[in-house]
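As a plain string of letters, each chain reads:
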Amino acid sequence: MSGHPEPPGGELLCMQQAQPAQRSTEHRTSPEPSDASWMQLALQLAAHGLGRTTPNPPVGCVLVRNGVAVGQGFHARAGAPHAEVLALREAGLAARGATAYVTLEPCSHFGRTPPCADALIAAGVRRVVIAALDPNPAVAGAGLTSLHKAGLEVCWGVLERDAVRQQAGFRSLMGRGRPWVVYKGAMTLDGKVAATSGASRWVSSGAARALVHRWRNRIDAVAVGSGTVLADDPHLGTRGVAGGRDARPVVFDRCARTPLSARVMRPGSILVTSTASTAAFERRGVTVVRAADETKALEALGQLGLSTVLLEGGPTLAGAFLNADLIDEVRMFIAPKLLGAGLSPLAAPLTTSMTEARPLQNVQVESVGQDTLMCGYLAEIPRLETDAFDAYSAKARSCA
């Protein structure tokens, strides 16, 4: 067995865990013993869409009849068929009388595709089990209401915490208008990310670096500062992942000093700057975002439809994000080596007391090769469906 198992969502332990306050199940239809297992499969399917569906959420669906999966599907990209539709297509006539396991409340409105709730009803599905309600306040609870009015048995809240974590980017974009920011770093046992010369290859092990490529494959963007580009000339692509794809590189460079020859400056990359002299970058196919600070920059990235950002910058950029309270999640590798004098992970904020430290919540620790990976949260995942949950619960007591 691997030292870092694959839990619901198909992600490593530090990638999938989330502990938002669990709502009472008082008004939810009671789950059946096998519901969690089938929902786990639906979450694993949904994980295939991570980094690919933005600005839509990743969603998975499994149709089960007489204890056998008769249809499966996941949302692959914005504009493509939704998970429920693909599962229904695979199931065909076997969908009648089946139970549908869906990681997010089926939509009930017309967008690029017809309502999934209507498709489930028309197919004759008997029961629908949902992990999490839609966080969009305009539609949250509407899918549940449609299904309930049509006479289907509805159960929700099964593996809700795992689903909410998997949807963190979508929920952040919906609730805050900006991406969910994951700060990734690697430091020695004595807390150094580089030598005094700036050399940092390599702090972490090959196993840790391989894991980072898996993270990049399932995230929308990877961000660094101009200092990292000038020192290391990183590509920021994804390597060694079967079927993998590159996240969009983002370079924070206030004065646009990044050379055009840098490997990261390629079509589709994003340059965040405050200077007006960017014509050469734009001719190369680089998207230019002009922003006065990191907060405005993230809002602009959200407007581009990016829902998750892996922050891989050095001490200056990471410190600026922490100082502005823009880091939502932390994944830090700790290597079993001592360096002595060197650079610390964060150049800011300046503090005078340990009471100013930012404590991580829901911390998890695991081994990756010879390194230790510590993960935790500095922010709560937005839960905008509160009002819809309460309203639906009040109307649906009879289904409990």
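In case you missed it, the structure is sitting above this.
Rules of the game
- Residues numbered from 1 in each chain as written.
- Predicted model: local features only at pLDDT ≥ 70, side-chain atom pairs only at ≥ 80, totals over all residues.
- Heavy atoms only, no water.
- Helix = DSSP H or I, 4+ residues; strand = E, 2+ residues; numbered from the N terminus.
- Buried < 20%, exposed > 50% of the residue type's maximum accessible area, 1.4 Å probe, protein only.
- Contact = heavy atoms within 4.5 Å.
- Pairing = 2+ DSSP bridges.
- Axes fitted to C-alpha atoms, helices over the stretch in contact; angles between N-to-C directions.

*Asks:* How would you explain the overall build of the chain if you had to name every residue and give the values?
*Replies:* Helices and strands together make up the secondary structure of the chain, namely 13 helices and 14 strands. With 400 residues in all, the chain has 53% of them scored as buried. Taking the intrachain contacts of the chain between residues at least 6 apart in sequence as the baseline, contacts between residues at least 24 apart amount to 72%.

*Asks:* Just give me the short version of unusual backbone geometry, but keep the residues and values in it.
*Replies:* With an omega dihedral of 10°, the bond running from threonine 54 to proline 55 counts as a cis peptide bond. Its place among the elements puts proline 55 in the loop between α2 (35-46) and β1 (60-65). Each neighbour pair has its own omega, and for arginine 201 with tryptophan 202 the value is -10°, a cis peptide bond. If you check the backbone angles, alanine 256 has positive phi at about 55° while not being a glycine. With respect to the element layout, alanine 256 can be found in the loop between β8 (248-252) and β9 (270-273).

*Asks:* Help me get a handle on helix α7 (residues 168-176), residues and values and all.
*Replies:* Residues Ala168, Gly169, Phe170, Arg171, Ser172 and Leu173 constitute the buried set of α7. On its buried side, α7 packs onto β3 (99-104), β4 (127-132), α6 (160-166), β6 (180-188), α11 (294-303) and β11 (308-311). Looking one or two residues past α7, glycine 177 carries a phi angle of roughly 70°, positive in sign.

*Asks:* Describe the sheet that holds β9, listing the residues and the values that go with them.
*Replies:* In space, the nine strands of this open sheet follow the order β10-β9-β8-β7-β11-β6-β12-β14-β13, with mixed pairing throughout. The outermost strands of the open sheet, each flanked by one partner alone, are β10 (287-290) and β13 (361-368). Going from strand to strand, the sheet's axes swing by 20° on average, the running direction of each strand aside. Across three bridges, the pairing between β8 and β9 is parallel. Paired with phenylalanine 252 across the strands is valine 272, a residue of β9. Against the sheet, helix α8 (residues 206-217) contacts β6, β7 (221-225), β11, β12 (329-335), β13 and β14 (371-377), and its axis sits at roughly 160° relative to β12.

*Asks:* Go over the environment of leucine 63, please, and point to the residues and values.
*Replies:* If you trace the backbone, leucine 63 turns up in strand β1. Judged by relative accessible area, leucine 63 falls into the buried class, the value being 0%. For the pair leucine 63 and alanine 91, spaced 28 residues apart in sequence, the C-alpha to C-alpha distance is 7.3 Å. Beyond its immediate sequence surroundings of up to four residues, leucine 63 is in contact with Val68, Ala69, Val70, Gly71, Ala87, Leu88, Ala91, Ala95, Thr99, Ala100 and Val125.

*Asks:* Tell me what's going on with the environment of glycine 49, and back it up with residues and numbers.
*Replies:* Looking at the secondary structure, you find glycine 49 in the loop between α2 and β1. Between the C-alpha atom of glycine 49 and that of arginine 77, which follows or precedes it by 28 residues, the distance is 6.9 Å. Those residues in contact with glycine 49, other than ones at most four positions away along the chain, are Pro58, Phe74 and His75.

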